[in-house]
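Spelled out from the first residue to the last, the chains are:
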Amino acid sequence: MKKDDNFIMLPTVDFCFAGLMENPKVRKGFVAAIIKVPPEKIKETTLLPTILRRESKDDKLGILDVRVVLVDGTQLDIEMQVAYFAYWDKRVLFYLSRIYAGQIKKGESYENLKKCIHVSILDFIHFPDEECYRTIHFCDDRTGKRYTDLMEIQILELKKLPEEVKSGGGILAWMKFFSRKTKKEFEDMAKTNEYMEEAYSTLLELSADDIKRLEYEAREKALRDYNSQMSSSFQMGVKQGIETSRKVFQLHVKGKSPEEIAEICGMGEEEVKEILFDNN
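Computed from a prediction, not measured in an experiment: that's the story for all the values here.

## Looking at the pattern of salt bridges
All told, the structure shown has 15 salt bridges when counted by the stated rule. Where Lys25 meets Glu194, a salt bridge forms, and the shortest distance between an N and an O atom there is 3.0 Å. With Lys25 in helix α2 (residues 24-35) and Glu194 in helix α6 (residues 194-208), this residue pair connects regions lying 169 residues apart in the sequence. Lys160 is the salt-bridge partner of Glu157, the closest N and O atoms lying 3.0 Å from each other. Overall, the relative accessible area of 13% leaves Lys160 in the buried class. Several salt bridges share partner residues, and in doing so they unite Lys115, Arg146, Asp149 and Glu152 into one network.

In structure tokens form, the structure reads like this:
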């Protein structure tokens, strides 16, 4: 295989991101940005197994990208998500709840529960606004007062990040690093602080490893195939929807009732009425 001197793995591929987080210094720099403290304030970060413990054989298996615990017991579930999929919001709550509840065993006191943070780094747009970074807590609907600080969700939407974001050690700077696409861009980011310099060095090491590169390329291909399948399914769904709407409307013009149309088309009566309403 001919070597490409400009090849570098991209952190938006979860395989590469997990490899980055295996480096203690890189992990320390990013976690410091997440919990908003200087990196030197963090004594240690420890990677935990990413397969969540099942309480019974019927429990759903949970597998995370990166799971970290701090000295004070705070846990972070950090995930790089490239492609949107249905029920993403529910999945986040599922994993966060599993991590939180999994801290104690039967008979242990609730006072042993520590803070758990879910971090979603999204390479797609999820919220219909311009905010690229947000923190979510349980709050009182009327007063807006925070109910608890023990469960927290942080969402980083890379596609919304403004290009004018300055480099540094904050969360926006890390978002900028994760969204870079070329070796030169990563090299420029590496000049801004020691933690991103370490992250760049780690990317170079990962990219130079032939075995890891094969794994990376396999994962990258799987993501491309998934996106292609999703796009194809969407286009097919749109086409089928148009054909169904045309058939419903034609039957309606012929004097068929919504109930009769529903039976002919194998649909619910409410679906038929919705299509007819949209065409009026």
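That covers the picture; the talk isn't over yet.
## A closer look at the side chain of Glu157
Inspection of the secondary structure puts Glu157 in strand β6 (residues 151-157). Among the polar contacts listed, one links the side chain of Glu157 to the backbone nitrogen of His126, at a separation of 2.6 Å. At a separation of 3.1 Å, a polar atom in the side chain of Glu157 contacts the main-chain amide nitrogen of Phe127. Apart from the residues within four sequence positions on either side, Glu157 is in contact with Leu122, Phe124, Ile125, His126, Phe127, Glu131, Cys132, Arg134 and Met175.

## Observations regarding the side chain of Thr74
With respect to the secondary-structure elements, Thr74 resides in the loop between β2 (66-70) and β3 (75-81). Dropping the residues within four chain positions of it, Thr74 is found in contact with Val68, Val69, Lys114, Lys115 and Ile117.

## Brief notes about the environment of Ala262
Mapped onto the elements, Ala262 comes out in helix α8 (residues 258-265). Given the relative accessible area of 7%, Ala262 is considered buried. With near-sequence residues (within four places) excluded, Ala262 lies in contact with Met267, Gly268, Glu269 and Val272.

Conventions and cut-offs
Counting from 1, residues in each chain are numbered in the order their sequence is written. Reporting in this predicted model follows two pLDDT cut-offs: at least 70 for local features of residues, and 80 or more for side-chain atom pairs to be given and counted; totals over whole chains, interfaces and linings ignore these cut-offs and use all residues. Hydrogens are left out, water is left out, and the side-chain values use all remaining heavy atoms of the structure. A pairing counts as a salt bridge when a side-chain nitrogen of Lys or Arg comes within 4 Å of a carboxyl oxygen of Asp or Glu. Helix numbers and strand numbers start at the N terminus; a helix is a DSSP run of H or I with at least 4 residues, a strand a run of E with at least 2. Each residue is assigned to one of three classes by its accessible area relative to the maximum for its type, calculated with a 1.4 Å probe on protein chains only: buried under 20%, partly exposed between the two thresholds, exposed over 50%. Two N or O atoms form a polar contact when they lie within 3.5 Å of each other; inside protein one atom must be a possible hydrogen donor and the other a possible acceptor, and for residues adjacent in sequence the pair counts only when both atoms belong to side chains. Two residues qualify as a contact provided that any one of their heavy atoms is within 4.5 Å of a heavy atom in the partner residue.

Just geometry here; none of it tells us what the structure is for.
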